[in-house]
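Okay, here's what each chain looks like letter by letter:
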Amino acid sequence: MGRALLDYVKAEAKRLGCYEVTLNVWEGNDSAINFYKKNGLKVKETNMEFIL
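A brief structural summary. Per chain, residue numbering runs from 1 following the sequence as it is written. Per-residue local features of the predicted model are confined to residues with pLDDT of at least 70, and side-chain atom pairs are confined, for both listing and counting, to 80 or more; whole-chain, interface and lining totals are unaffected and use all residues. Side-chain numbers here rest on the full set of heavy atoms in the structure, without hydrogens or water.

1. Some points on the environment of Tyr8
Here is step 1 of the chain: Helix numbering and strand numbering both begin at the N terminus, where a helix is a DSSP run of H or I of at least 4 residues and a strand a DSSP run of E of at least 2. Here Tyr8 lies in helix 1 (residues 2-15).
Here is step 2 of the chain: Each C-alpha atom, one on Tyr8 and one on Val43, is 21 Å from the other, the two residues being 35 residues apart in sequence.

2. Considerations on the layout of surface pockets
Here is step 1 of the chain: As defined here, a cavity is a set of points on a 1 Å grid over the protein atoms alone where a 1.4 Å probe fits but cannot get out. A pocket is an open set with protein on both sides within 12 Å along at least five of seven lines, and residues line them when an atom is within 4 Å of a point. Grid points are joined across faces, edges and corners, and a volume is the space filled by probe spheres set on the points. In this structure, the largest pocket occupies an estimated 1000 Å³ of space.
Here is step 2 of the chain: Leu23, Asn24, Val25, Lys44 and Glu45 are, among the 28 residues lining the largest pocket, the residues nearest its centre.
Here is step 3 of the chain: Listing elements by their share of the lining of the largest pocket, those giving two or more residues are helix 1 and helix 2 (30-38).
Here is step 4 of the chain: Polar here means any residue outside two lists: the nonpolar Ala, Val, Leu, Ile, Met, Phe, Trp, Tyr, Cys and Pro, and the charged Asp, Glu, Lys and Arg; Gly therefore counts as polar. Split into classes, the residues belonging to the lining of the largest pocket amount to 13 nonpolar, six polar and nine charged.

3. Description of the pattern of salt bridges
Here is step 1 of the chain: A side-chain nitrogen of Lys or Arg and a carboxyl oxygen of Asp or Glu constitute a salt bridge if their distance falls within 4 Å. Tallying each qualifying case throughout the model produces three salt bridges.
Here is step 2 of the chain: For the salt bridge of Glu20 with Lys44, the shortest nitrogen-to-oxygen distance reads 3.0 Å. Of this pair, Glu20 sits in the loop between helix 1 and helix 2 while Lys44 sits in the segment after helix 2, and the two are 24 residues apart along the sequence.
Here is step 3 of the chain: Any residue under 20% of the maximum accessible area for its type is buried, any over 50% is exposed, and the rest in between are partly exposed; the area is computed with a 1.4 Å probe on protein chains only. On the basis of relative accessibility, which here comes to 42%, the residue Glu20 falls in the partly exposed class.

4. Quick notes on the packing of aromatic side chains
Here is step 1 of the chain: Only rings of Phe, Tyr and Trp enter the pairing, Trp through its six-membered ring, and a pair is recorded when the two centres are within 6.5 Å. The plane angle decides the type: under 30 degrees is stacked, over 60 is edge-to-face, the rest tilted. A full pass over the atoms with the stated rule returns one aromatic pair.
Here is step 2 of the chain: Centre to centre, the rings of Phe35 and Tyr36 are 5.4 Å apart; their planes meet at 65°, and the pair counts as edge-to-face.

5. Remarks on the side chain of Asn39
Here is step 1 of the chain: Structurally, Asn39 can be placed in the segment after helix 2.
Here is step 2 of the chain: Look at Asn39 and you get buried, because its relative accessible area is 10%.
Here is step 3 of the chain: Whenever a nitrogen or oxygen atom comes within 3.5 Å of another N or O atom, the pair is scored as a polar contact, on the condition that within protein one atom can donate a hydrogen and the other can accept it, and that pairs from neighbouring residues in sequence are kept only if both atoms are in side chains. Within the structure, the side chain of Asn39 is placed 2.9 Å from the side chain of Arg3, a separation counted as a polar contact.
Here is step 4 of the chain: Here Phe35 takes part through its backbone oxygen, which lies 2.8 Å from a polar atom of the side chain of Asn39.
Here is step 5 of the chain: Asn39 has contacts with Arg3, Leu6 and Lys10, leaving out every residue within four places of it along the chain. Only heavy atoms enter the contact rule, under which two residues are in contact if any of them lie within 4.5 Å.

Set out below in structure tokens:
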């Protein structure tokens, strides 16, 4: 199901003329990170935070 949803999002973004599709994934969510990498996504940036 995840692959079908990702394929739909990419196709819809392309149809709309979008330049890119970006998403957020929590650090440590290795199964999601591996899924996205397997499906062609690449790490674009890393954000850092300090919780008070």
